[in-house]
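A closer look at the structure
Letter by letter, the chains look like this.
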Amino acid sequence: MGKKSRVKIQKSGSAATTSVSSKEMMILVSELLQKCSSGGPTAGKEWEEYLQIRGLVEKIRKKQRGMSVEFEGRRDDHFPHLMSWARDHGASCEGFAVTNFGAEGYGLRATRDIKAEELFLWIPRKMLMTVESAKKSVLGPLYNQDRILQAMDNVTLALHLLCERANPASFWLPYIRTLPQEYDTPLFYEQDEVQLLQGTQAVQDVLSQYRNTARQYAYFYKLIQTHPASSKLPLKDSFTFDDYRWAVSSVMTRQNQIPTEDGRQVTLALIPLWDMCNHRNGLITTGYNLEDDRCECVALQDYKKNEQIYIFYGTRSNAEFVIHNGFFYQENAHDQVKIKLGISKSERLYAMKAEVLARAGIPVSSIFALYCNEQPISAQLLAFLRVFCMKEEELRDYLLGGHAINKIVTLGSMEFPVSWDNEIKLWTFLETRVALLLKAYKTTSEEDSSTLEKSELSPHSRMAIQLRLAEKWILEKALASGRAKRVHFQKQLEEGAPLPDYHESSIALLENTDAKLPIILHKLGEIQEGQEIQFEETGARVENAAFEMDPGANRLALKPEPRDPSEETNVNSAALDPLGTNSKNGQREVTRVSAGAI
């Protein structure tokens, strides 16, 4: 997908500019693995550790200069071959063409009028690069014997991509040749560009992403050089850090989940041609048709001839887009800033508050979000803050009596305050927390806006500052909203205004609103501390053996999301945690790896 990368023209067959012995490289790689596999940095030392890891990586990159597999010619030269290859293997290739859209990069251009919801693109399974095709490839013997690969599907897909890139007879070469040589993910940022993210909520995820990628590279370098099952891999003589960084970013920006052939499970896949579509706000329009065994995409809207065709990647924040896709989307209707809140176990009313929250399906410690729209807080955050600020008698009112369980439903509704005093407290608390978050930045919004007017900024620097400014705008908006709410409720209290009268029938008023909070006591055991609970509708459905796919979050609806290859943790020869850690985005937040934009 075009918006996320810049093409770097390179020539193939160049000899290494630096001679380095395998023993010397193994020493450097072992040092890198040891550094990355030690316990995480202490608070405040993350940047220092990043610099140390980056220093080791740069030593390795310097010695590996000229060793990577590279293609002849320009990227543009390979798109006609991609189209003919896709046509020969059953993909739809009429009605659109691959086009360079300048600042947005490559994308699909309509060559005829296309109606909204018209099926215009389909890609059969045999064209997809999947974990299943990796198992059947030259990577299969190593996959069968290494439990780390077996636990990391996205890393398996990245190594599969590298093996096929190095194979001049690969079935997927027409697709691989059209992938960019570089990406705009933070893995490709210069040190001073990463430094511009200091103070943002994204910086921890970026540093963690780099650390995990370096650890994985070191682990798999040693594995490929020493494991008997890797003797026939084309990577054995040339597996550079730049190779792995490229493969990780290719998978991270493009991977998606599709059903397995029997439809009972999901697998990760790279989807040629479809992944050229750029992002725009809207709805998910891509699904998988099991009957015809192919990915299918319908038009997001009406498109006139020569207009760019877009798809919707999913409800992702700009931090997620920057970290995992390598672009900043100015018109993002789903942008947000994370805020972590929790109730201390040492608090006198902890047990009562925890019980009220449990009845509402909300953990006592969680990561919530502040949104960019007119209502900056969700029903879940409002409910949490109300319980957080409740007095003992107010807590009893939501725990005892015949109507207590029904009153829980009103916690997330603006229409039913607990009390004027409770409202004043919660908005005052939110104001204070947001003000502290704003103070963490070293620059003001005005300073960032002024910096963005400079023409000499690199694309990565501009992206970092745009993200920094977007976070501040969301926080400033939440601060203003909290202040206005506090003033309003103070006035209500001073004027002795009566509280809205709650009664049993009030629940009906909430049934068709976003404010309704589900009561999910049976799911409380599945919630981990610090995990955000998702109440939003997924829009998931299964019709005619078709699965909907979210190209932004890389998932089939109602299925677990795959992770960023760089977010797997503990990559060392002794033990690995296949679950990894998610920041965002951490996701990522709920971590969400994105699907494909270039």
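As a starting point, this report considers the structure included with it. (Residues numbered from 1 in each chain as written. Predicted model: local features only at pLDDT ≥ 70, side-chain atom pairs only at ≥ 80, totals over all residues. Heavy atoms only, no water.)

1. Quick look at the overall build of the protein
Convention followed: Numbering of helices and strands starts at the N terminus; helices are DSSP runs of H or I of at least 4 residues and strands are runs of E of at least 2. The buried label applies to any residue whose accessible area, calculated with a 1.4 Å probe on protein chains only, is under 20% of its type's maximum; exposed applies above 50%, and partly exposed to all values in between. Under the convention used here, a 1.4 Å probe and the Shrake-Rupley method define accessible areas, while residue burial counts only the protein chains that appear.
Across its full length, the protein carries 20 helices and 15 strands. In the protein, which comprises 598 residues, the share counted as buried stands at 56%. Of the roughly 25300 Å² that the protein leaves accessible, carbon and sulfur atoms contribute 50%.

2. Section: the pattern of salt bridges
What counts, and what does not: Just to be clear on terms, a salt bridge is a Lys or Arg side-chain nitrogen sitting within 4 Å of an Asp or Glu carboxyl oxygen.
The final tally for this structure, using the stated rule, is 29 salt bridges. As a salt-bridge pair, Glu24 and Lys63 come within 2.8 Å of each other at their nearest N and O atoms. Taken together, the residues Glu24 in helix H1 (residues 22–37) and Lys63 in helix H2 (residues 46–63) connect sequence positions 39 residues apart. Residue Lys63 is classed as partly exposed on the basis of its relative accessible area, which comes to 23%. Asp77 serves as the salt-bridge partner of Arg74, at 3.4 Å between the closest nitrogen and oxygen. It is possible to trace a salt-bridge network through shared partners that takes in Glu58, Arg61, Asp242 and Arg245.

3. Some points on the nonpolar core
For clarity, the cut-off: Within this scheme, the nonpolar core is defined by two criteria: the residues are buried Ala, Val, Leu, Ile, Met, Phe, Trp, Tyr or Cys, and they are joined through side-chain atoms within 4.5 Å. Note that the domain bounds reflect an automated or database-derived domain assignment. By definition, residues are in contact when any of their heavy atoms lie within 4.5 Å.
Core analysis: the largest hydrophobic core is formed by 112 residues, its most contacted members being Leu32, Leu121, Ile123, Leu159, Phe220, Phe239 and Leu273. Element by element, the count of residues in this core is highest for helix H10 (residues 203–226), at twelve residues. Each of domain 1 (45–325) and domain 2 (336–511) contributes no fewer than three residues to this core. In this view, Leu32 contacts Ile53, Leu56, Val57, Ile60, Ala214 and Ala218; residues no more than four positions away in its chain are not counted. Leu381, Val387, Leu438 and Ala478 belong to the second-largest nonpolar core, a separate cluster that totals 44 residues.

4. Things to note about empty space enclosed by the protein
The rolling of a water-molecule-sized probe over the atoms marks out the regions of remaining empty space. Here is the rule: Space inside and on the surface of the protein is sampled on a 1 Å grid over the protein atoms alone, with a cavity defined as a set of points where a 1.4 Å probe fits but cannot get out and a pocket as an open set with protein on both sides within 12 Å along at least 5 of 7 lines; lining residues have an atom within 4 Å of a point. Grid points are joined across faces, edges and corners, and a volume is the space filled by probe spheres set on the points. Amino acids are sorted into nonpolar (Ala, Val, Leu, Ile, Met, Phe, Trp, Tyr, Cys and Pro), charged (Asp, Glu, Lys and Arg) and polar (every other residue, Gly among them).
Quantified by volume, the second largest cavity comes out at close to 40 Å³. Lining the second largest cavity we find Ser317, Asn318, Ala319, Asp335, Gln336, Val337, Leu467, Ala470, Glu471 and Ile474. Elements with a contribution of two residues or more to the lining of the second largest cavity: helix H12 (318–325), strand E11 (336–342) and helix H19 (459–494). Tallied by class, the residues present in the lining of the second largest cavity amount to five nonpolar, three polar and two charged. Both domains that furnish three or more residues to the lining of the second largest cavity are identified here as domain 1 (45–325) and domain 2 (336–511).

5. Regarding the sheet that holds strand E7 (residues 278–279)
Formally: The rule for pairing is simple: two strands pair if DSSP sees at least two bridges between them.
On the basis of which strands lie adjacent, the open sheet formed by four strands has the order E1-E2-E10-E7 and mixed pairing. At either end of the open sheet lies a strand with only one pairing partner, and these are strand E1 (96–100) and E7.

6. Focus on the sheet that holds strand E4 (residues 129–130)
Reading across the sheet, the three strands line up as E4-E6-E5 and stay open at both edges, with antiparallel pairing between neighbours. What marks the edges here is a single partner per strand, and that holds for E4 and strand E5 (256–259).

7. What to know about the packing of helix H7 (residues 153–165) against helix H11 (residues 241–254)
Selection rule: For helices, the fitted line uses only the C-alpha atoms of the stretch in contact; every axis is such a line through C-alpha atoms, and the angle between N-to-C directions lies from 0 to 180 degrees. Here roughly perpendicular refers to angles of 65 to 115 degrees, roughly parallel to angles under 35, roughly antiparallel to angles over 145, and oblique to all remaining angles. Crossings are assigned a handedness: left-handed for a near helix turned anticlockwise from the far helix by less than a right angle, right-handed for a clockwise turn.
Where H7 contacts H11, the axes come no closer than 9 Å and their chain directions differ by 120°. With respect to H11, the element H7 is oriented oblique. Our pair here, H7 against H11, has a crossing hand that is right-handed. For the pair H7 and H11, contact is made by Asn154, Val155, Leu157, Ala158, Leu159, Leu161, Leu162 and Arg165 and by Asp243, Tyr244, Trp246, Ala247, Val248, Ser250 and Val251, respectively.

8. Overview of the environment of Asp335
Heads up, the condition is: Side-chain atoms alone can form a polar contact between residues adjacent in sequence; in general such a contact is a pair of N or O atoms within 3.5 Å, and within protein one must be able to donate a hydrogen while the other accepts it.
Tracing the sequence through the fold places Asp335 in the loop between H12 and E11. Since its relative accessible area comes to 7%, Asp335 is described here as buried. The spatial distance from the C-alpha of Asp335 to the C-alpha of Ala319 is 8.1 Å, given a sequence separation of 16 residues. Among the polar contacts listed, one links the side chain of Asp335 to the backbone nitrogen of Asn318, at a separation of 2.9 Å.

9. Describing the pairing of strand E6 (residues 266–270)
Counting buried positions along E6 yields four of five residues, so the element is predominantly enclosed. Pairing geometry for E4 and E6, over two bridges, is antiparallel. Bridging from a neighbouring strand, Thr130 pairs with Ala269 of E6. Summarising the sheet, E5 and E6 pair through four bridges and their orientation is antiparallel.

10. Details of helix H17 (residues 420–439)
Formally: In this scheme, a helix's expected span is set at 1.5 Å multiplied by one less than its residue total.
Across its 20 residues, H17 extends 29 Å between first and last C-alpha, which sits within 8% of the 28 Å expected from 1.5 Å per residue. Regarding H17, the residues found buried are Trp420, Asn422, Glu423, Ile424, Leu426, Trp427, Leu430, Glu431, Val434 and Leu438. Those residues of H17 hidden inside the fold are in contact with E11, strand E12 (365–371), helix H14 (379–388), helix H15 (392–397) and H19.

11. So, the packing of aromatic side chains
Counted only if it meets this: Two aromatic rings, drawn from Phe, Tyr or Trp (for Trp, its six-membered ring), form a pair once their centres lie within 6.5 Å of each other, and the interplanar angle then sorts them: stacked below 30 degrees, edge-to-face above 60, tilted otherwise. Any Lys NZ or Arg CZ that is within 6 Å of a ring centre and within 35 degrees of that ring's normal is treated as a charge sitting over the ring.
Enumeration according to the criterion identifies 21 aromatic pairs in this entry. Ring centres of Phe79 and Tyr106 lie 5.0 Å apart, and the angle between their planes is 45°; this geometry places the pair in the tilted category. One end of the pair, Phe79, is in helix H3 (residues 79–88); the other, Tyr106, is in strand E2 (residues 106–110), with 27 residues separating them in the sequence. Considered together, Phe79 and Tyr106 belong to a single accessibility category, that of buried residues. Consider the rings of Phe384 and Phe388, whose centres lie 6.0 Å apart with planes at 25°: the pair is stacked. Taken together, the residues span about one helical turn, with Phe384 and Phe388 both in helix H14 at a distance of four residues. A relative accessible area of 1% means that Phe384 is categorised as buried. The ring of Trp246 has Arg165 sitting right over it, with the charged end atom 4.3 Å from the ring centre. A cation over a ring is seen here: Arg245 above Phe188, with NZ or CZ 4.1 Å from the ring centre.

12. Examining the side chain of Glu471
Note the cut-off: We count Lys and Arg on the positive side and Asp and Glu on the negative side, and we leave His and both chain ends out.
With respect to the element layout, Glu471 can be found in helix H19. For the buried Glu471, no salt bridge is present, and the opposite-charge side chain at shortest range is Lys338, 8.1 Å distant. A polar contact of 3.2 Å, which involves the side chain of Glu471, links it to the backbone nitrogen of Gln201. Once residues lying within four places of it in the same chain are set aside, the contact partners of Glu471 are Thr200, Gln201, Ala202, Val337 and Tyr441.

13. Considering the side chain of Thr178
Inspection of the secondary structure puts Thr178 in the loop between helix H8 (173–176) and helix H9 (191–195). A distance of 2.6 Å separates the side chain of Thr178 from the backbone oxygen of Tyr175, its partner in a polar contact. Discounting residues that sit within four places of it in the chain, Thr178 has contacts with Arg75, His78, Phe79 and Leu82.

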